[in-house]
Amino acid sequence: MARGETHRDPLNAFITLAEIPPRAPGRLSGITVAVKDNISTRGVETTCGSRILSGYVPPYDAHVVDLIRNEGALISGKTNMDEFGMGSSTENSGFGPAHNPRDPERVTGGSSGGSAAAVASGMARMALGTDTGGSIRCPAAFCGIVGLKPTYGRVSRYGLVAYANSLEQIGPMAASVADCSLLMEVISRYDPRDSTMQDRPYLPRLDGDIRGMQIGIPAEFFGRGVDPAVADRVRKAIGVLEGLGAVLVECAMPSMEYALAAYYVTCTSEASSNLARFDGVRYGPAPDYRKPWHEAFQEVRMQHFGPEVRRRILIGTFALSAGYHGKYYGKAQVARQHVREDYARLFRDVDLLAGPTMPTVAWKIGGKSDPLSMYLADILTVPANLAGVPAVSVPCGTVRGLPVGLQLTGRPFEDEQVMNAAFAYEQGVKA
Amino acid sequence: MTATGGAAAAGSGLMAADVSRETVTGGLKAASGGRDTVIIGLEVHCQLNTASKLFCGCSTDYRSDPPNTHVCPTCMGLPGSLPAMNRRAVEYALRVAKALNCRVAEEAEFARKNYFYPDLPKGFQITMYNRPLAEGGYLDIEGNEGEKRVRITRIHLEEDPGRLVHMGTPDRPRYTLVDYNRSGIPLIEIVTEPDLRSPKEARRLLNGLRTTLEYLGVFDGDREGALRVDANISIPGSERVEVKNISSYKGVEKALTFEIARQKGVIRRGQKVQRETRHFVEARGVTTSARSKEQEHDYRYFTEPDLRPLQVRDWVEGIALPELPAARRERFMAQYGISPEHARTLCGELRLAEFFEEMAPCGNPLLAATWVADTLQGELNYREMEIGKVPPSHFRELLEILCRKELTDTAAVEVLRRMLDQCLKGGEVQSPAQIMEKNMLGKTAGDAFTNVVREVIAECGDAVRDYRAGRGEALNFLVGQVMKRTRGRADPKELTRILRDELARQGT
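Residues numbered from 1 in each chain as written. Chains lettered and ligands numbered in written order. Predicted model: local features only at pLDDT ≥ 70, side-chain atom pairs only at ≥ 80, totals over all residues.

> Mind showing me how you'd approach the overall build of chain A here?
A count of helices and strands for chain A gives 12 helices and 11 strands. Relative to the compact-globule value of 22 Å for 431 residues, chain A shows a C-alpha radius of gyration of 20 Å, a close match. By principal-axis analysis of the C-alpha atoms, chain A measures approximately 70 × 55 × 45 Å. Residues classed as buried in chain A amount to 58% of the 431 residues present. Nonlocal contacts in chain A, meaning residues at least 24 apart in sequence, comprise 75% of its contacts between residues at least 6 apart. (Helix = DSSP H or I, 4+ residues; strand = E, 2+ residues; numbered from the N terminus. Rg over C-alpha atoms; globule rule 2.2 N^0.38 Å. Buried ≥ 20, exposed ≤ 12 C-beta atoms within 10 Å, placed from the backbone. Contact = placed C-beta atoms within 7 Å.)

> I'm lost on the overall build of chain B in this one. Help?
Counting its regular elements, chain B contains 18 helices and 16 strands. In chain B, which comprises 508 residues, the proportion classed as buried is 42%. The long-range share in chain B, meaning contacts at least 24 apart out of those at least 6 apart in sequence, stands at 70%.

> Help me understand the sheet that holds strand β12 (residues 241-246) of chain B, please; the structure alone is not making it clear to me.
Residue and element names in this part refer to chain B. Here we have 9 strands laid out as an open sheet, ordered β2-β6-β7-β10-β1-β11-β12-β13-β14, and mixed in their pairing. Looking at which strands have only one partner, the edges of the open sheet turn out to be β2 (103-104) and β14 (286-289). Bridge count for strand β13 (residues 276-281) against β14 is 4 bridges, and the pairing is antiparallel. Bridging from a neighbouring strand, R278 pairs with S289 of β14. (Pairing = 2+ DSSP bridges.)

> Any chance you could explain the interface of chain A and chain B here in plain terms?
When the parts of a complex come together, some accessible area is lost, and that lost area is often used as the size of the interface. Listed by partner, the interface residues are 28 residues for chain A and 23 residues for chain B. When residues of the side of chain A that touches chain B are assigned to their parent elements, the largest contribution, 3 residues, is made by helix α6 (residues 256-274) of chain A. The residue inventory of the side of chain A that touches chain B, partitioned by class, reads 13 nonpolar, 10 polar and 5 charged. (Nonpolar A, V, L, I, M, F, W, Y, C, P; charged D, E, K, R; others polar.)

> Explain helix α8 (residues 325-336) of chain B to me, please; I cannot follow it from the model alone.
Note that an α-helix has 3.6 residues per turn; residues three or four places apart therefore point the same way. Residues and elements named next belong to chain B. Helix length check: α8 (12 residues) gives 16 Å between terminal C-alpha atoms against 16 Å at 1.5 Å per residue, within 8%. Those residues of α8 lying buried are P325, R328, R329 and F332. On an axial view of α8, the arc spanned by its buried residues comes to 105°, and they lie on one face. Across from the buried face of α8, at angles greater than 90 degrees, the exposed residues are A334 and Q335. Looking at the residues trailing α8, positive phi occurs at G337, about 70°. (Expected span 1.5 Å × (residues − 1). Arc of directions from axis to C-beta.)

> What should I look at first to understand the sheet that holds strand β4 (residues 110-114) of chain B in this one?
For sheets, the rule is that strands pair by backbone hydrogen bonds, running either parallel or antiparallel. Residues and elements named next belong to chain B. Pairing in this open sheet of 3 strands is antiparallel, and the strands run β5-β4-β15 from one edge to the other. In the strand order of this sheet, the two ends are held by β5 (124-128) and β15 (302-303), each with one partner. Across 5 bridges, the pairing between β4 and β5 is antiparallel. Of the residues in β5, the one forming a bridge with A111 is T127.

> In this structure, what is going on with the nonpolar core? I would like to understand it.
Taken as a class, soluble globular proteins show a tendency for nonpolar side chains to be buried jointly. Among the nonpolar cores identified, the biggest contains 241 residues, and V33 of chain A together with A93 and L133 of chain B are the most heavily contacted of them. It is α6 of chain A that contributes the most residues to this core, 9 residues altogether. Two domains each put at least three residues into this core: domain 1 (7-21 + 40-236 + 298-317) and domain 2 (325-439) of chain B. In contact with L133 of chain B, not counting residues within four places along its chain, are A93, L94, A97, V104, A105, A108, M128, I155, H156, L157 and V312 of chain B. Of all hydrophobic cores here, the second largest spans 13 residues; its members include F449, V464, L478 and V479 of chain B. (Core = buried A, V, L, I, M, F, W, Y, C linked by C-beta atoms within 7 Å. Domains from an automatic or database assignment.)

> Which parts of the structure should I look at to understand the packing of helix α11 (residues 365-383) of chain B against helix α12 (residues 392-403) of chain B?
In a pair of packed helices, the angle between the axes and the distance between the axes together describe the arrangement. All names here are of chain B. In the contact formed by α11 and α12, the axes pass within 11 Å of each other and the chain directions differ by 130°. The angle between the axes of α11 and α12 places the two elements in the oblique class. Every pair of crossing elements has a handedness; the one defined by α11 and α12 is right-handed. Only L399, L402 and C403 of α12 make contact with α11, whose side of the interface consists of L367, A368 and W371. The residue makeup of the contact of α11 with α12, split by class, is 6 nonpolar, no polar and no charged. (Axes fitted to C-alpha atoms, helices over the stretch in contact; angles between N-to-C directions. Parallel < 35°, antiparallel > 145°, perpendicular 65-115°, else oblique. Left-handed = near helix turned anticlockwise from the far one by under 90°.)

> It is not clear to me how helix α18 (residues 492-507) of chain B should be interpreted in this structure. Could you clarify?
Residue and element names in this part refer to chain B. Here α18 contains 16 residues, and its C-alpha end-to-end distance of 22 Å stays within 8% of the 22 Å for a straight helix at 1.5 Å per residue. Looking only at α18, the buried set comprises L495, I498 and L499. In an axial view of α18, the angular spread of the buried residues amounts to 100°, which keeps them on one side of the axis. For α18, the exposed residues set more than 90 degrees away from the buried face come down to K493, R497, A504 and G507.

> I tried to follow the pairing of strand β6 (residues 169-174) of chain A on my own but got confused; where do I start?
Residue and element names in this part refer to chain A. Of all 6 residues making up β6, 6 are buried, and the element is well covered by its neighbours. Both faces of β6 are covered, namely the face carrying Q169, G171 and M173 and the face carrying I170, P172 and A174. As defined by bridge partners, strand β4 (residues 126-131) adjoins β6 across 6 bridges and the pair is classed as antiparallel. Within β6, the position partnered with D131 by the bridge is Q169. Inspection of the sheet shows strand β5 (residues 146-149) paired to β6 by 2 bridges, in the antiparallel sense. Pairing of V146 across the sheet is with A174, part of β6.

> Would you mind showing me how to read the domain arrangement of chain B here?
All names here are of chain B. Along its sequence, chain B is carved into domain 1 (7-21 + 40-236 + 298-317), domain 2 (325-439) and domain 3 (446-507). Domain 1 and domain 2 are separated by 35 Å when their C-alpha centres are compared. Grouping the constituent residues of the side of domain 1 that touches domain 2 by class yields 1 nonpolar, 3 polar and 1 charged.

> Where do I start with the confidence of the model for chain B in this structure?
Fine structural detail should not be taken from predicted coordinates in areas where pLDDT scores are low. Residue and element names in this part refer to chain B. Averaged over chain B, the pLDDT score is 87; the fraction of residues at 70 or greater is 90%. Long-range and interchain partners of residues 1-34, a stretch whose pLDDT sits below 50, account for 58 contacts in this model, where long-range means more than four residues apart. Across the interface, the model reports ipTM at 0.95; the global pTM reads 0.88. (pLDDT = per-residue confidence, 0-100.)

> Explanation requested: the environment of R404 of chain B in the structure shown.
Along the chain, R404 of chain B falls in the loop between α12 and α13 (409-425). Residues R404 of chain B and N144 of chain B, 260 residues apart in the sequence, show an inter-C-alpha distance of 42 Å.

> Mind showing me how you'd approach the environment of R328 of chain B here?
All names here are of chain B. The topology assignment puts R328 in helix α8. A residue is classified by how many C-beta atoms lie within 10 Å of it, and R328, with 21 of them, is buried. In this structure R328 touches E323, C347 and A353, once residues within four positions along its chain are discounted.

> Please clarify how the pairing of β13 of chain B should be interpreted in this entry.
In summary, the side chains of a regular strand alternate between the two faces of the sheet. Taken together, the 4 bridges between β12 of chain B and β13 of chain B define a ladder with parallel strand orientation. For K244 of chain B, the partnering residue across the bridge sits in β13 of chain B and is H279 of chain B.

> Would you take a moment to explain the packing of α13 of chain B against helix α14 (residues 432-439) of chain B for this structure?
Residues and elements named next belong to chain B. Between α13 and α14, whose axes approach to 10 Å, the crossing angle comes to 110°. Taken together, α13 and α14 sit at an angle that is classed as roughly perpendicular. Considering how the two elements wind past one another, α13 and α14 form a crossing that is right-handed. Between α13 and α14, the contacting residues are V415, R418 and M419 on the first element and P432, I435 and M436 on the second. The class makeup of the residues in the contact of α13 with α14 is 5 nonpolar, no polar and 1 charged.

> Would you explain unusual backbone geometry in this entry?
Only a minority of non-glycine residues have a phi that is not negative, and only a minority of peptide bonds are not trans. Omega for the peptide link from G110 of chain A to S111 of chain A comes to 10°, which places this bond in the cis form. Position of S111 of chain A among the secondary structure elements: in the loop between β3 (74-79) and α2 (113-120). Phi is positive for K405 of chain B, which is not a glycine, with a value near 60°. In this fold, K405 of chain B is placed in the loop between α12 and α13. For K405 of chain B, a count of 11 C-beta atoms within 10 Å gives the class exposed.

> I'm lost on the environment of G147 of chain A in this one. Help?
All names here are of chain A. With respect to the helices, strands and loops of the structure, G147 is situated in strand β5. Remark: the alpha-carbon pair of G147 and L128, spanning 19 residues in sequence, is separated by 9.2 Å. Residues in contact with G147, not counting those within four places in the same chain, are G129, I136, R137, A140, G171, M173, V392 and S393.

Following this line, the structure appears as structure tokens:
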């Protein structure tokens, strides 16, 4: 096990380089898989990109880790990430930012930036990421690979260190749609330990036939803040889908206006509760036991949580507190319901929605200094998490030499259809 | 431990009504401390006796095992662990809801109650908040003035936190250890309306709950820490005080009695009762004010995202209840012809009722009832002994011997005492027949007493003269003398006949 071996990991894609051998041969035999550092690995340090968990070695494997090891995968290490998943660039890591393989001065996107960088640079053939508000799709788009956020309830979260339980899913990342689909097939096996999971395993159907498929283009996906060059690139990609026989439908998604606010209130509220257990007593650097316990816990949390994590804990604590609960958390749930209803309404008429994954290409490391402009970058990815629907980001060319992602969103539990459309596009462009 | 859903808030509307009624009928007297009325509501936490914990597969049978041996990632709250519902625990809680005549919700939902405490590994407790399992039930108890209906506000399910073990002394604490064996044990919280009017009624309510839960097979009241109570107490016209940390049946009566006396003292001195939370210190039998910091909790409840809502209305309809205490009392009176008092005593404890039913076929159910409810209970209480320690076959043999009139009541009590003492000691317990034989306690045939009778007649000349002079009570004295010398082995009736015959024979 090693950390910070820059000669082996120049992009800082990994927090821990560790070879975890397969348990049995299977569909992933001979394949190297990188695992995001918020997914528990027995005997291998799992930090979530946070100093407060440095030294924490889980005594158990996450369900997905069990599954890939039983199918022959070799795990090559634990990938870098924004602390607890809180960020869109992997700059908020307690162990330094990851670098984009296409341009090391630029961010990888996040929070699964280490996983995307590992795959895009060839250090791993596949990777597991997690997506709470775009954390798989954003780095997939910025690094030019494929990343799927599955339907909520399709992959067990057992062993995933919770950031925002009601929003997040573990998902596959790979250079090709076929690899991504294979990994998804392996990790979607039912696990009764996750009560929010449904026993509906992913059965791939990659025939590339999208003739007659109705694809909705919500005007809001190309709205304010979207880089015109990115918008242009994505419209051309959607044109490719039309050329393959899909029917394009212009439509609207008015709930987008409230989606970002609803998302940030919900995820910070859940995070404020999930992160309460990190007080230095059981994990990470120990508190000064001579002090009164309230003070000792406070000190540990002040010192070892990064600034973005502290900010989100404070926001979430406030949003849930007496007197403000109805005004913030309660309202966010109402807005969330509107987002769900918008999707349900749209999916009565169309089979998929298409648009850009991110409003821009990868920015320079340190280029976004205020947290709000970083939050705004999530506008196109968070709606899928609020509604629990599947969404994939597939590379669709470059702008100024940097990758752009096409995002395809589908009905709940139609991850197969979403992946098939991504496959059709990928093959269509190759041909 | 519900902040606003407890008897506190849920009952506050009713409490206001009670207070105003008191003001109309006896406000002045209450203010001067002349009335005995107090208003009490309870929050009762009971551990359900499922085989595994509420959200993981760990065994609940931890009491005789070392600390932190019944644990897993879930009940230790390790990062990444998830709760998975134990359906048996829900079923148990629904049995209770049904037995306490509650309205079961269409859908119940778990919520997170967020607070820091070292015994709480996740930094929150999974409980139920605004969508509990059931609301609006009742339990009938024997009140201050006859039968009384105590309303149940709500019932919900939650996880028990871990257990703290403080090292050092209260004056010089050294450090605290945490044992997670208890973490995740299923608890039900039963909240009553403020319907109780005395510590005794509170105790009776607890006894009633315990009996009901034991009949339902969901609770073992003998397990250490299986029951914990918070009580809300107020004197009409004054603020309400919450007393936490009561962990025994006797403790409830003690804590409430102390707290009422304290509040009355405050009022008598012309001061105001502060609205506050107090802790019961069992060892000293007093309540002490909790630090204000502990009262300023904002639990920031929200829906537990890792669990799905429970569809409980349909579920409860499929649950069949066993015979409950009230029904069993009726049946005992009808089937065995025993008195209402005996029926109440016998049915007041599941194991006692079951013990009696094993004894009833001895030949005389009335005799069995008296012996189980009165004699045996008295002897057990004297020895602080559990009914479970009494071998039923031995006790039944004793009753059968009594039915055959081979033993006097006095001698039977003697046999019982020896038997119970042997049970307490452990080791071999002799059968009643063996004990009788060894100690010559069996009823002796009449002739065997003739010598003693003659002796007594010879020695008690005064009494004999009185008897011959027509004073009947002199005969009782003589019977007593013979009984004394035969250590109660003689049947008094038969003895009277022998004495009379002998006196008549000598008199002629």
